[in-house]
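# Descriptive structure summary
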Amino acid sequence: MVCNCSHSAKQDESGAAKLPESESDSLILSDDPNHPANLICELCKNFYVNGWVTGTGGGVSIRDGDKVFIAPSGVQKERMLPENIFVMSLNSKKYLREPISLKPSSCTPLFLASYDLRGSGGCIHTHSQNAVMCTLLFDDVFEISHVEQIKAIPRITEAGYLNYNDKLVIPIIENTNFEQDLEDPLKEIIKKYPGTTAVLVRRHGIYVWGETVWKAKIYNEAIDYLLELAVKMKLHGIPTVK
Ligand SMILES: CSC[C@@H](O)[C@@H](O)C(=O)COP(=O)(O)O
Ligand SMILES: [Zn+2]
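Residues numbered from 1 in each chain as written. Chains lettered and ligands numbered in written order. Predicted model: local features only at pLDDT ≥ 70, side-chain atom pairs only at ≥ 80, totals over all residues.

Now for the sheet that holds strand E10 (residues 198-201). Taken in spatial order, the 9 strands of this open sheet run E6-E5-E4-E3-E7-E11-E10-E9-E8, and their pairing is mixed. Single-partner strands in this sheet number two, and they are strand E6 (95-97) and strand E8 (141-145). On average, adjacent strands in this sheet sit at an angle of 20 degrees to one another, irrespective of strand direction. Across 2 bridges, the pairing between strand E5 (residues 86-89) and E6 is antiparallel. Bridge pairing in E6 links Met88 to Tyr95. (Pairing = 2+ DSSP bridges. Helix = DSSP H or I, 4+ residues; strand = E, 2+ residues; numbered from the N terminus. Axes fitted to C-alpha atoms, helices over the stretch in contact; angles between N-to-C directions.)

Have a look at this one:
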């Protein structure tokens, strides 16, 4: 039942209760630096310095149980505040918190794909030039072997991490004019490559996910290092796979 007092919960068409923004602030305001809303802002500031989320591109999403924390769309990602963060229920796909005058990131369906298909705890999207360059230098998949940094990448289909001399393979999908149109190709490629923790998007960037956002951060850093190295190897005519 909805009363007329100022504390009444709004309802969407399905009748699901949605807290007014002031009440839903409790979902995103915390003194804990590890609270997802604080972490998204901190990570985006750091990623901006690397050129990974400049010009409003890229972003980070974090899942905490059923709650998915999502940045707004089209904003300077390094200047976001926790109160700008959207919160969605993964199970119902209903927003528990929607900041007024903002739209959720257009990457939301892609972040959700990593939660729904892989049970990940965090997903990072960057417009890293190393990622974009590798999508121009490789065809269907990015491949590299015999580099120490490969040992930071998980096997996914079995326990443990890749060895130095294993081949890291990251699939590449084609870009689309609208981010949401990447959803189906991303889901298909995630199913086709059950061992991957990342997908490259041609002339666009990369999506990387992990069991937690910290794992996703480590994987993203290690992968970006390998992408940058691969570009340099190609420039010198060195094959990336031995
Ligand atoms: C520079 S616009 C980039 C967007 O189209 C998209 O690719 C992106 O990475 C960020 O989308 P956003 O909706 O701002 O979160
Ligand atoms: Zn993007």
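What follows continues from the structure just given.
Another aspect to go through is helix H4 (residues 129-137). Considered for burial, the residues of H4 that qualify are Asn130, Ala131, Val132, Cys134 and Thr135. Buried residues along H4 sit against strand E7 (122-126), E8, strand E9 (167-173), E10, strand E11 (205-210) and helix H6 (213-235). (Buried ≥ 20, exposed ≤ 12 C-beta atoms within 10 Å, placed from the backbone. Contact = placed C-beta atoms within 7 Å.)

Here we take up the site of ligand 1. All residues adjacent to ligand 1 are Gly55, Thr56, Gly57, Gly58, Gly59, Ser73, Gly74, Ser105, Ser106, Cys107, His125 and Glu179. When residues of the shell around ligand 1 are assigned to domains, at least three map to each of domain 1 (16-105) and domain 2 (107-237). (Near = placed C-beta within 6 Å. Domains from an automatic or database assignment.)

Further remarks concern the UniProt feature "active site" (unreviewed entry) in the protein. Here, the residues flagged by UniProt with the feature "active site" (unreviewed entry) are Glu148. Inspection of the secondary structure puts Glu148 in the loop between E8 and E9. (UniProt positions renumbered as here; feature names shortened; annotations may be inferred.)

Here we take up the UniProt feature "domain: Class II aldolase/adducin N-terminal" (unreviewed entry) in the protein. Those places that UniProt annotates as "domain: Class II aldolase/adducin N-terminal" (unreviewed entry) correspond, in this numbering, to residues 38-231. The span residues 38-231 is 31% helix and 23% strand, and its two end C-alpha atoms sit 34 Å from each other.

Glancing now at the packing of helix H3 (residues 108-118) against helix H5 (residues 183-192). Here H3 crosses H5 at 25 degrees, and the two axes come no closer than 10 Å. Here H3 is positioned roughly parallel relative to H5, judged by the angle of their axes. The two elements H3 and H5 meet at a crossing, and its hand is right-handed. Between H3, through Pro109, Leu110, Ala113, Leu117 and Arg118, and H5, the contact on the second element is made entirely by Glu183, Leu186, Lys187 and Ile190. (Parallel < 35°, antiparallel > 145°, perpendicular 65-115°, else oblique. Left-handed = near helix turned anticlockwise from the far one by under 90°.)

The next subject is the environment of Trp52. Position of Trp52 among the secondary structure elements: in the loop between helix H2 (36-49) and strand E3 (59-64). Sequence separation of Trp52 and His127 is 75 residues, and the distance between their C-alpha atoms is 5.2 Å.

Moving on to H3. Listing the buried residues of H3 in full gives Thr108, Leu110, Phe111, Leu112, Ala113, Ser114 and Tyr115. Where H3 is buried, its residues meet E3, strand E4 (67-70), E7, H5 and E11. Once H3 ends, the next one or two residues include Gly119, with phi positive near 60 degrees.

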